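Listed below are the residues making up each chain.
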Amino acid sequence: MTILKEKLSAFFNSYLFPVFIAIIVFISHTLSIEALSLVILTISVVLCAILCDDLRCIIAPVLMITFTFSYKTFLNGWLGSATFAILAICALTLIIGAVIVHMVIFKKLSALKELSHSKIIWGFLVLCVGFLLNGVFSGEYYGINITFAIILTFSFLAIYVFFYTGLKNRSDTHEYLLFILYVVSVLLVAQAIVLLLRDARLNESGSIIKETLILGWGVWNNLGGMLCMLIPVHFYYATTKKHGYIYYISALVVYLTIALTLSRSSLLFATVIFLICVVFSCTRGQNVRTNRIITLALAIIAILGFIALFDKISSLLGSYITQGFGDNGRFELYKHGIENFLSHPIFGGGFGSCIEDNFGHGIEPNRYHNTIIELLATCGLMGFGAYIFHRYQTIRLIWKRKANDCVIFLGLVILGLLLTSLLDNHFFNIYPSMYYSIILCVLEKCQKEHEPLNQGIDG
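Here is a short report on the structure shown in this document.

**A look at the packing of aromatic side chains**
Counted under the stated rule, the structure contains 37 aromatic pairs. Pairwise contacts between aromatic rings join Phe124, Phe131, Phe148, Phe156, Tyr160, Tyr164, Phe351, Tyr387, Phe427, Phe428 and Tyr436 into one cluster. Stacked on the ring of Tyr176, the Lys or Arg Arg56 has its end atom at 4.2 Å from the ring centre. Above the ring of Tyr164, the side-chain terminus of Lys445 is found at 5.0 Å from the ring centroid.

This is the structure in structure tokens:
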């Protein structure tokens, strides 16, 4: 029994475990057998919590479980069935019980005292207070105001506190997190390939019909936004690891996949992030010369390829040409958001006060597709001021540790989320905000102030 426990613990703490989770999620999503994925992930999390003294092994399941849910399953109504409800309740009960056992066995409850030493905890607290006070005294208070605020508080603050308490102070955890993010990006590209080959439809002119790019857990802009966030992870490896050219090419694959999602905002900011990462990879790290050669070669190939294949490219990606610089209703949303803020400047009009944005929703309310306007319109100066304080603390945290390559590229992951959220709702979606909180937690707790560059695995 002791040998089995040691082997399981070693597996859960290994770099193979995130790959295992990604494979399970990919199979479940592709074949629409989410029940299998939920059972396996639940068992994995329970065993991780009971057997391992470091909850970093739970990061992979938490970051990937969302991508289990397929469009076919949404259409057949299983997620609203009694079977799913029973499965979800049993899974949550087991996980919560296992986490409590973990906290007791490994004496993690005392770690809650360490929260007072966190450099960003007060920013998280103030931000979530701003969320919870949305729409107070607005005159029209909707039920979604408090329910969505509680969901945001969970995805930002509760996730941060949970991992801050559960993670051991290990300087290699940031490297482990980067690997998980790399695996997530490969998973999403694989799902995109299946989507494009199996489910996407073309119109009469041969262009991809954007509205057929639905994965279930999200649509075209959700996929594009997530991949935009994850581009820096590829460049981290391209900059710091042996055979970095492999990761430079994989970064290009991610970028091309974003282009095929037909999400204009994702492609716009992915281009910005890609160029920033190119500058870093060509000026620092151990592969500067190789990365400069690759960059020059790719630039020449891209120009020549675009000229030679212009007709085919413009036909396949016709949605970009058709929509051009159209705002797709965003300007009307922004105008309403500003008016909403002016009518309720202190606490905003509440999360339920946004007009219909015609993008379709799950449990989230209509939103303004811009972080700043969303905060001002729904949470007023109270929420916006809280966000500014939170942002100050996070920038200070990253800036003080900018000498480390891991910090730089994890910071760029966060920048990708913040940029795409200027034209979309990603910051106020549930799963991107969980990525955000976990990244900040790892940077806060598992990164030494003056650690030598590029420690960790070499690959």
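**As for the pattern of salt bridges**
Inspection of every chain in the model, using the stated rule, returns nine salt bridges. In this structure, Asp54 and Arg170 form a salt bridge, with 3.3 Å as the shortest nitrogen-oxygen distance. Taken as a pair, Asp54 in the loop between α3 (34-51) and α4 (59-64) and Arg170 in the loop between α8 (143-166) and α9 (173-199) lie far apart in primary sequence, 116 residues in all. Here Arg56 makes a salt bridge to Asp172, at a shortest N to O gap of 3.6 Å. Within this pair, whereas Arg56 is found in the loop between α3 and α4, its partner Asp172 is found in the loop between α8 and α9, the two being separated by 116 residues in sequence.

**Here's the deal with unusual backbone geometry**
Excluding glycine, a negative phi dihedral is what most residues carry, and trans is how most peptide bonds are arranged. Positive phi, normally seen in glycine, also occurs at Lys107, with a value near 55°. Tracing the backbone through its elements, the reader meets Lys107 in the loop between α6 (82-105) and α7 (121-132).

**Structural notes on the nonpolar core**
Most often, soluble globular proteins have nonpolar side chains that are buried together. Within the largest apolar cluster, 121 residues are counted, with the highest numbers of intra-cluster contacts made by Met64, Phe67, Phe131 and Phe235. The element that contributes the greatest number of residues to this core is α9, accounting for 14 residues. Not counting residues within four places of it along the chain, the set of residues in contact with Phe235 comprises Tyr248, Ala251, Phe274, Cys277, Val278, Ser281 and Phe409. Residues Leu333, Tyr334, Cys354 and Ile373 belong to the second largest nonpolar core, which totals six residues.

**A closer look at helix α11 (residues 245-260)**
Its 16 residues give α11 an end-to-end C-alpha distance of 23 Å, which sits within 8% of 22 Å, the value for a rise of 1.5 Å per residue. Of the residues making up α11, those classed as buried are Tyr247, Tyr248, Ser250, Ala251, Val254, Tyr255, Thr257, Ile258 and Ala259. Positioned one or two residues after α11, Leu262 has a phi angle of 65°, which is positive.

**A word on the environment of Ala22**
Within the element layout of this structure, Ala22 appears in helix α2 (residues 16-31). Note on Ala22: relative accessible area 9%, which makes it buried. Ala22 sits 43 residues away from Ile65 along the chain, and the two C-alpha atoms are 9.0 Å apart.

Conventions used here
Residues numbered from 1 in each chain as written. Predicted model: local features only at pLDDT ≥ 70, side-chain atom pairs only at ≥ 80, totals over all residues. Heavy atoms only, no water. Phe/Tyr/Trp six-rings, centres within 6.5 Å; stacked < 30°, edge-to-face > 60°. Lys NZ or Arg CZ within 6 Å of the ring centre and 35° of its normal. Salt bridge = Lys/Arg side-chain N within 4 Å of Asp/Glu carboxyl O. Helix = DSSP H or I, 4+ residues; strand = E, 2+ residues; numbered from the N terminus. Core = buried A, V, L, I, M, F, W, Y, C linked by side-chain atoms within 4.5 Å. Buried < 20%, exposed > 50% of the residue type's maximum accessible area, 1.4 Å probe, protein only. Contact = heavy atoms within 4.5 Å. Expected span 1.5 Å × (residues − 1).

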